[in-house]
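Observations on the three-dimensional arrangement
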Amino acid sequence: MRAVQLAGPGRPLPLVMREICKPAPGQILLRVLACGVCRTDLHIVDGELPRLDRPAIPGHEIVGEVIERGAQVERFGIGERVGVPWLGSTCGDCRYCRTGRENLCDGARFTGYHIDGGYAEFALADARYCFALPGYAPQQAAPLLCAGLIGYRALSVAGDAQKFGIYGFGAAAHIVAQVAHFQGRKLFAFTRPGDAEAQRFALDLGAAWAGGSDATPPEPLDAAILFAPVGALVPAALRAVSEGGTVVCAGIHMSEIPAFPCEILWGERRVVSVANLTRRDGEEFLALAPGVPVRTSVETFPLERTNEALARVREGRINGAAVLVMPERAARSS
Ligand SMILES: [Zn+2]
Ligand SMILES: [Zn+2]
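These figures come from a predicted structure and were not determined experimentally. (Residues numbered from 1 in each chain as written. Chains lettered and ligands numbered in written order. Predicted model: local features only at pLDDT ≥ 70, side-chain atom pairs only at ≥ 80, totals over all residues.)

Some points on the domain arrangement of the protein
Short version of the rule: Annotation comment: domain bounds sourced from an automatic or database domain assignment. Each residue is represented by a C-beta atom placed from its backbone, and any two residues with such atoms within 7 Å are regarded as in contact. Helix numbers and strand numbers start at the N terminus; a helix is a DSSP run of H or I with at least 4 residues, a strand a run of E with at least 2.
According to the domain assignment, the protein contains domain 1 (2-146 + 277-325) and domain 2 (149-273). Taking only C-alpha atoms, the centre of domain 1 and the centre of domain 2 are 26 Å apart. Opposite the 22 residues of domain 1 that make contact, domain 2 presents 18 residues. Mapped onto the side of domain 1 that touches domain 2, the elements with two or more residues apiece are α1 (39-45) and α7 (279-288).

Let's talk about helix α6 (residues 233-240)
What counts, and what does not: Three exposure classes are used, all based on how many other C-beta atoms lie within 10 Å of a residue's own C-beta (placed from the backbone): buried at 20 or more, exposed at 12 or fewer, and partly exposed between those limits.
For α6, the tally of buried residues reaches 6 of 8 residues, placing the bulk of the element in the interior. Every buried residue of α6 is listed here: Leu233, Val234, Ala236, Ala237, Leu238 and Ala240. Tucked inside the fold, the buried residues of α6 contact β10 (163-167), β13 (221-226), β14 (241-249) and β15 (270-273).

A short note on the environment of Phe182
Among the structural elements, Phe182 can be located in helix α4 (residues 171-182). Each C-alpha atom of the pair Phe182 and Cys94 lies 37 Å from the other, and the pair is 88 residues apart in sequence.

Quick notes on the nonpolar core
Quick reminder of the rule: The term nonpolar core refers to a group of buried residues, namely Ala, Val, Leu, Ile, Met, Phe, Trp, Tyr and Cys, whose C-beta atoms join them within 7 Å.
Among the nonpolar cores identified, the biggest contains 106 residues, and Ile166, Ala224, Ile225, Leu226 and Ala237 are the most heavily contacted of them. The residue makeup of this core includes at least three contributed by each of domain 1 (2-146 + 277-325) and domain 2 (149-273). Excluding residues that lie within four positions of it along the chain, Ile166 makes contacts with Ala173, Val176, Ala177, Leu187, Ala189, Phe190, Ile225 and Phe227.

Here you go:
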């Protein structure tokens, strides 16, 4: 099969031929239909997450069709369409796994990082961590599997905040904006200063206000979610939320947070992070999304243009999400 795999930190990803493996017990083999490109993939490419000792295949927003089931797989029939998220497997036994916090499991293995992901024509996945997908086209569904799930978890952590801000208006934000609008919350969108196109995009998706991340919102916020991996935005967001407000850091990696005066944290303001996802987040969000309905804006790329897709995500030059789409003809013998 054709696949795109990691080279050294910061280096372009080569297109290679890889063997298609047989599913082990508990695994399903998928023909990949589409795979989202996530900012986390950039952090992996850049070597900002702990290094791997093998050339992994990135991609953790996989929409695929089941073509073979390993032993002991009870879910999903041949031909069924499933989604594979970042959380690839957990130990099932630690104190986090036993208390509904499998997203924090020390033994967790992640798709497109520890486990080869969806920048390929075929992929293996542990069936217990896959989701049945609602009636979306593959490229429309792909961004739901990380941008959507992480956004949903971040929104949950923000609690019942009625007025909330989003810093960084990319793939996750464009999905959260629709859910927040559906729930009757008032959204304030912060983009790169001067990015009029992203601000217009946010207003189109129901934001009450849009401005640069250096601007003060017209009214104090109950919560703010940071999708941009910029630590300097944490003090900015703390200044934008009122007493009792929450600042949620939703990215897996962020530049250093600069020192800030205690008075902007005072008043029971909180800074929290959101890490990974649980299967419950996925089930809840994927049940909610079609009813909103969440519509994803996507720009599609073939596998051979993966590096271009990554560069566009890095530059923030995608309105919505970048998605790799695989050719229909991908045959198992290739
Ligand atoms: Zn565990
Ligand atoms: Zn992701």
